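As a plain string of letters, each chain reads:
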Amino acid sequence: MTKYIIRSFLLLAAVALTGCLSDFDEYNHNPNETTDEELRRDNYLTGSYLEALMDQVIPAEEHQYQFIESLVGQPYARYTTPTPNGWVQSFPRFNPPQPWVKALFNDPLANVYPNWRGIRKSTEDAVILALADVLRVSVMHRLTDQFGPIPYTQIAENRKGQLTVGYDTQAQAYTAMFGELDAALAVFEANRDLPTEALADYDRVYGGDIARWIKYTNSLKLRMALRLSYVDPSTAQTRAAEAIAGGCILSNADNAALHPAVNRTAMIYNDWQDHVLAAEIVAYTNGYRDPRQKFMFTSVTLGTGETATQGYAGLRVGPVPGNSQTAKDKCSFPLLTEQAPLMWFCAAEVAFLRAEYALRWGTASEAGELYRQGVQLSFEQWGAGKADEYLADATRKPAAFTDPMGTGYNFMAPSTITPVWNDEDTPETALERIITQKWIALFPLGNEAWAEHRRTGYPRFSPIPDDCNLSGGTVDSSLGARRIPYPAEEYSENRANVEEAVRTQLGGADNAGTRLWWDCKPLN
């Protein structure tokens, strides 16, 4: 992987330099409806910026995807874990190399803002400007949920295009983002019937269909609203209700997914084979005898001789495999092809978000109906057929994990939660059921799943083995990482601002054990 990291950093560093030197002027959004002719003006230049922004929501470039999802989000969400036996420094062990941390923080800023500013300089078209704002929020809400306070509003306001500016608190960033999503929705609604041809050449998600962008934007707003369920329940309820009323993604036909000519992220698992399934996703789906497995994971031979069968296996997150090739031979990989779209937001996630909304501010029966819809939508998305039997079988429970490498990193079943809804369950049991099935449905979107685990405590994970916790005592093995510390480059290039943010917003502790603003549920 080393050659890929070097090549990636050289490429991304060049983009970052361009972004830091760019000038940027403010443009007011056009309050009038957009015509087809206006959208075609400066089409190529603006379209190239738009495509580049879309490539950042879930990174389409394989190296950036590996840094952001494969190395961080997926291990922390217990979806995958690394195979190279030389990676003794890594996020799962809470001691990542500084270049890996830089790739998570500096590179999204450097890749997003030159293109966002480029759109604002190349057009005054209201729809394109609104879409650029939605895409910026799509990327930056992930960044703030990874790190906490981030530079946000001051970057947008900085006329010199600087990235080394003051930080927003998470509360300030979320407030600004909600405002930007609302403004974009107003523009989209005014242009709901705009012909798809106007944006089709550059919109690899919805082909220029503004009505479907409305559904995505409301779904994103709903996701962000529920993130505040413990820290600010009133705002969470209000914003979620607005999003639901505005119309979200309700069917798989409206799933938000990037459709690249070639899905280059497939090579991470098929060619490089640096990441196999994590123990938890295997333990849960094996125990549930989940029909989605054969569509989500590659299978391996379990056992030997006449008793050998095909099934699914993974590694515990934290330990470094003694033999990388043996780990690859014995474990399953995410099943991904070059023709697969890059999923951003699926209808199942929306159904589970609405189920949680109903659980908190509606009725258990409403929550149960939406929960069942979520499971069925996920089955349909993966081509697994009907979920009726799955949803009715109370014998399906997460399984214990046996280390296929034979090194003793086994664990008991992490939970006893079944897929069967019961209106009489306590709210906490019902929440665990919702989030557990949501976690399976989100695969392989690790950063979103990790955020939801931190917010709710679900699904239940096994602790990182104590001998694999190299955080120096800053991370509790049973709770896992709560955030990502800022990279060294931020202290050398933006020292005053990052130190102020750490002191005033993180209590002076810039480490992976510090909880974020919305991560405030009492921990067991």
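Residues numbered from 1 in each chain as written. Predicted model: local features only at pLDDT ≥ 70, side-chain atom pairs only at ≥ 80, totals over all residues. Heavy atoms only, no water.

Following the criterion strictly, the structure yields 30 aromatic pairs and no others. Following the ring pairs from residue to residue traces out a cluster consisting of Tyr79, Tyr284, Tyr288, Phe297, Tyr312, Phe379, Tyr390, Trp439, Phe443 and Phe461. Taking the ring centre of tryptophan 518 as reference, the NZ or CZ of arginine 227 above it sits at 5.6 Å. Sitting over the ring of tryptophan 450, arginine 454 keeps its end group 3.6 Å from the ring centre. (Phe/Tyr/Trp six-rings, centres within 6.5 Å; stacked < 30°, edge-to-face > 60°. Lys NZ or Arg CZ within 6 Å of the ring centre and 35° of its normal.)

The full count for this structure, using the stated rule, is zero disulfides. With no disulfide of its own, cysteine 248 has cysteine 346 as its nearest cysteine by sulfur position, at a separation of 13 Å. Cysteine 331 carries a free sulfur, and the closest cysteine sulfur to it, the one in cysteine 468, is 15 Å from it. Since its relative accessible area comes to 1%, cysteine 331 is described here as buried. (Disulfide = S-S within 2.5 Å. Buried < 20%, exposed > 50% of the residue type's maximum accessible area, 1.4 Å probe, protein only.)

Turning our attention to the pattern of salt bridges. Taken as a whole and assessed by the stated rule, the structure comprises 36 salt bridges. Put simply, aspartate 519 and arginine 515 hold a salt bridge, and the shortest N to O gap is 3.0 Å. Exposure remark for aspartate 519: the relative accessible area of 2% places this residue in the buried category. By relative accessible area, which is 30% here, arginine 515 ends up partly exposed. Residues participating in the shared-partner salt-bridge network are Asp145, Arg223, Arg227, Glu349, Glu356, Arg360, Lys438, Glu448, Glu452 and Arg455. (Salt bridge = Lys/Arg side-chain N within 4 Å of Asp/Glu carboxyl O.)

So, on to helix H5 (residues 98-122). Compared with an ideal rise of 1.5 Å per residue, which puts 25 residues at 36 Å, H5 spans 36 Å between its outermost C-alpha atoms and is within 8% of the ideal. Taken as a whole, H5 carries its principal kink of about 35 degrees at asparagine 106; the proline proline 108 stands between one and four residues after it. With 22 of its 25 residues buried, H5 lies for the most part within the structure. (Helix = DSSP H or I, 4+ residues; strand = E, 2+ residues; numbered from the N terminus. Expected span 1.5 Å × (residues − 1). Bend = angle between axes of the 7 residues up to and from the residue.)

Chain-level pLDDT for the protein is 92 on average; 92% of the residues reach the 70-or-more range. Counted against residues more than four places away or in other chains, residues 2-30, with its pLDDT under 50, gives 54 contacts. (pLDDT = per-residue confidence, 0-100. Contact = heavy atoms within 4.5 Å.)

Running from N to C, helix H9 (residues 210-227) and helix H15 (residues 347-361) cross one another at 45 degrees; their axes reach a closest spacing of 10 Å. Classed by the angle they form, the pair H9 and H15 counts as oblique. Remark: the crossing between H9 and H15 carries left-handed chirality. Contacts between H9 and H15 involve Ser219, Leu222, Arg223 and Leu226 from the first element and Glu349, Val350, Leu353, Arg354, Glu356, Arg360 and Trp361 from the second. (Axes fitted to C-alpha atoms, helices over the stretch in contact; angles between N-to-C directions. Parallel < 35°, antiparallel > 145°, perpendicular 65-115°, else oblique. Left-handed = near helix turned anticlockwise from the far one by under 90°.)

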